[in-house]
Amino acid sequence: MTSSVLRQKAEAEASHLLPLLVQADYLAGAILLGEHGRRRSGLGDDFWQYRPVQIGDSKRYIDHRRSASGDVDFVREREWKIAQSVIFWVDQGASMRWGSKKNRPRKIDHSRLLALATAILSVRGGERVGLTNVTLPPRCERQQIFRMAEAFSQDAEVDYEPPDYSAMKSHSRAVFISDFLSDMDVIREALGEAVNKGIKGVLLQVLDPDEELFPYQGRTIFDSVGGTLTHQTLKASDLRSQYLDRLANRKLELRVLASEVGWQYGRHQTDRDPQSALLWLYGALDGTAT
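Cut-offs applied
- Residues numbered from 1 in each chain as written.
- Predicted model: local features only at pLDDT ≥ 70, side-chain atom pairs only at ≥ 80, totals over all residues.
- Heavy atoms only, no water.
- Salt bridge = Lys/Arg side-chain N within 4 Å of Asp/Glu carboxyl O.
- Helix = DSSP H or I, 4+ residues; strand = E, 2+ residues; numbered from the N terminus.
- pLDDT = per-residue confidence, 0-100.
- Contact = heavy atoms within 4.5 Å.
- Phe/Tyr/Trp six-rings, centres within 6.5 Å; stacked < 30°, edge-to-face > 60°.
- Buried < 20%, exposed > 50% of the residue type's maximum accessible area, 1.4 Å probe, protein only.
- Axes fitted to C-alpha atoms, helices over the stretch in contact; angles between N-to-C directions.
- Parallel < 35°, antiparallel > 145°, perpendicular 65-115°, else oblique.
- Left-handed = near helix turned anticlockwise from the far one by under 90°.
- Nonpolar A, V, L, I, M, F, W, Y, C, P; charged D, E, K, R; others polar.
- Expected span 1.5 Å × (residues − 1).
- Pairing = 2+ DSSP bridges.
- Right-handed = clockwise from strand over helix to strand, strands pointing away.

Draft legend 1. Region of interest: the pattern of salt bridges. Applying the stated rule across the entire model yields 17 salt bridges. In this structure, D109 and R106 form a salt bridge, with 3.0 Å as the shortest nitrogen-oxygen distance. The partner of E211 in a salt bridge is K107, and the shortest N-O contact between them spans 2.7 Å. Here E211, found in helix α6 (residues 209–213), pairs with K107, found in helix α3 (residues 107–124); they are 104 residues apart in sequence, far enough to count as distant.

Structure below.
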């Protein structure tokens, strides 16, 4: 392949990713940036706190101005900032590429946008970001955002893509985004591995409004996006109650599972503003979301 062909291919890929990058950057910019990093005393540049001198403290750490206000000597401590890793898995399965209306975002569109915006906020906060698999280890640099956008744009052929947790970093934080309508055993397995590695995280379930309401009536043909499943009924409304019960049970199952392993569970509908979902997601990583 010649250099000109390679350049054209690279430019085509970049133009495809540009809208996603612009949207994610704009969405992240609307959020007042907080800090995820663990805060404790140690080596660093920023002031942390004053504390009374203890046995073993070097005299050079005594803050004489603060100590002059009383009879006790005080040490000026600085904040030790440790960059943490936030790792992502976004379901690229065919079921995520479904949308009930042409003017409504697909589930994968909002999932990719939310994941990338969260990654942007994390990098701005001094943290490393990457994927749960071996293709993209966590790094703290702007170029990593472009690499993640590329990774999020790779559609999977299967209807439901299982989480790839082959390279989850111990004691990091994780974000799993999916419709979570596939086999729950693969989700349990992934979270079990996360628990073994001391990883805390978030399950964000993204659904289309029609998946929440099941507004179908009369003769209806249901086809999976991947074309592997089809079901025809003459009276779709008869399925509504059973479907909604199963969906409610799945949501409860996810919530209970997340709670059992110390994760947080949230939901987002594609007809709603992604900014509110991003606020929740960013807070959930901090443990401050409700």
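Draft legend 2. How the structure looks around the confidence of the model for the chain. Residues at a pLDDT of 70 or more form 83% of the chain, whose mean pLDDT is 83. Overall, residues 9–14 carries pLDDT values under 50, and its contacts beyond four positions in sequence, including any with other chains, amount to two contacts. Note on residues 34–45: pLDDT is under 50 here. Beyond four places in sequence and across chains, it has 36 contacts.

Draft legend 3. Seen up close, the packing of aromatic side chains. What the rule picks out here adds up to five aromatic pairs. Relative to F180, the ring of W89 has its centre 6.4 Å away and its plane inclined at 55°; by these criteria the two rings are tilted. Placement of W89 in strand β4 (residues 85–90) and of F180 in the loop between β6 (173–178) and α5 (184–196) is noted, with a sequence separation of 91 residues between them. For W89, a relative accessible area of 6% gives the class buried. The class for F180 is buried, based on a relative accessible area of 2%. A network of ring pairs unites the aromatic residues W89, F176, F180 and W263 as a single cluster.

Draft legend 4. Highlighting the packing of α3 against helix α8 (residues 274–286). Taken N-terminus to C-terminus, the directions of α3 and α8 make an angle of 50°; their axes are 10 Å apart at the nearest point. In terms of axis orientation, α3 runs oblique to α8. The two elements α3 and α8 cross, and the hand of that crossing is right-handed. Seen from α3, the contacting residues are H110, L113, L114, A117, T118 and L121; seen from α8, they are P274, A277, L278, L281, Y282 and L285. Split by residue class, the contact of α3 with α8 holds ten nonpolar, two polar and no charged.

Draft legend 5. Highlighting α3. With 18 residues, α3 extends 26 Å from end C-alpha to end C-alpha; this agrees with the ideal 26 Å at 1.5 Å per step. Burial within α3 is extensive, with 16 of its 18 residues counted as buried. Just past α3, the residue G126 takes up positive phi, approximately 85°.

Draft legend 6. Layout of the pairing of strand β9 (residues 230–233). Pairing between strand β8 (residues 220–223) and β9: four bridges, direction antiparallel. Across the sheet, residue I221 finds its bridge partner in β9, namely Q232. Linkage of β8 to β9, two consecutive antiparallel strands, is achieved through a turn of six residues, within which G227 is found at a positive phi near 80°.

Draft legend 7. Representation of the pairing of β6. The buried fraction of β6 amounts to six of the six residues, a majority that puts the element mostly inside the structure. Summarising the sheet, β4 and β6 pair through five bridges and their orientation is parallel. Bridge pairing in β6 places I87 opposite A174. As judged from the six bridges shared by β6 and strand β7 (residues 200–207), these two strands associate in the parallel manner. Pairing of V175 across the sheet is with V202, part of β7. In this view, the connection linking β6 to its parallel neighbour β7 by way of α5 has right-handed handedness.

Draft legend 8. Here's a closer look at unusual backbone geometry. Positive phi outside glycine occurs at F180, with the angle close to 50°. Notably, F214 is not glycine yet its phi reads approximately 50°, a positive angle. For F214, the position within the fold is in the loop between α6 and β8. F214 gets classed as buried once you look at its relative accessible area, which sits at 6%.

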